[in-house]
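Observations on chain architecture
Listed here are the chains, written in short residue letters.
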Amino acid sequence: LAENIEVNVEHLAAIDDHILVEALKAPEGVTILSAPDQTVVKIAELVAPEPEPEPEAPAEGEEGAAEGEAAEGETPKEGEAPAEGEGKPAEDKKE
């Protein structure tokens, strides 16, 4: 039994292209017993369905915090104003 058999597949590009036993290069001391006109490899049409595309990202404002607002428990990024009710505690004003 051969450890490996080299096969040139460069010409396999279209559906129904194939390689026959006679194209195989058996290592020295190995005899291939199959008929020379027997197909070893054949390019066929895809039989498995293609994966469905991933769903698109949600539209702006549908999911998560709106742009410019920090999610609950997060601190706003530098340069962003805190959302209503967040930020530093109000200072006591004297009248």
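Residues numbered from 1 in each chain as written. Predicted model: local features only at pLDDT ≥ 70, side-chain atom pairs only at ≥ 80, totals over all residues. Heavy atoms only, no water.

**Some words on the overall build of the chain**
The condition is simple: Helix and strand assignments follow DSSP, with helices taken as H or I runs no shorter than four residues and strands as E runs no shorter than two, numbered in order from the N terminus. Classification of residues uses two cut-offs on accessible area relative to the type maximum, computed with a 1.4 Å probe and protein chains only: under 20% is buried, over 50% is exposed, and between them is partly exposed. Between two residues, a contact is recorded if the distance between any of their heavy atoms is within 4.5 Å. Computed by Shrake-Rupley with a 1.4 Å probe, the accessible areas treat only the displayed protein chains as cover when residues are assessed.
Tallying secondary structure elements over the chain gives zero helices and two strands in all. Within the chain, buried positions represent 7% of all 95 residues. For the chain, restricting intrachain contacts to residue pairs at least 6 apart in sequence, the fraction spanning at least 24 positions comes to 25%. For the chain, the exposed area adds up to about 9,500 Å²; of that, 48% sits on carbon and sulfur atoms.

**Some remarks on the environment of Ala14**
Along the polypeptide, Ala14 turns up in the segment before strand 1 (18-20). Residue Ala14 is classed as partly exposed on the basis of its relative accessible area, which comes to 38%. Between the C-alpha atoms of Ala14 and Glu45, which are 31 residues apart in sequence, the distance is 9.4 Å.

**Description of the pattern of salt bridges**
Which entries qualify depends on this criterion: What counts as a salt bridge is simple: a side-chain nitrogen of Lys or Arg found within 4 Å of a carboxyl oxygen of Asp or Glu.
Under the defined criterion, the tally for this structure stands at one salt bridge. Among the salt bridges present, the one from Asp16 reaches Lys42, with a minimum N-O distance of 3.6 Å. On the criterion of sequence distance, the pair formed by Asp16 in the segment before strand 1 and Lys42 in strand 2 (residues 39-42) is long-range, its members being 26 residues apart.

**Description of a nonpolar patch on the surface**
We apply this condition: Here, patches come from residues exposed beyond 30% relative accessible area and free of salt bridges, joined within 9 Å for like charges and within 5 Å for nonpolar side chains (Val, Leu, Ile, Met, Phe, Trp, Tyr).
Judged by side-chain polarity, Ile5, Val7, Val9, Val30 and Ile32 come together as a nonpolar surface patch covering roughly 330 Å² of accessible area. Along the chain, Ile32 turns up in the loop between strand 1 and strand 2. Of the residues examined, Ile32 reaches a relative accessible area of 31% and is grouped as partly exposed.

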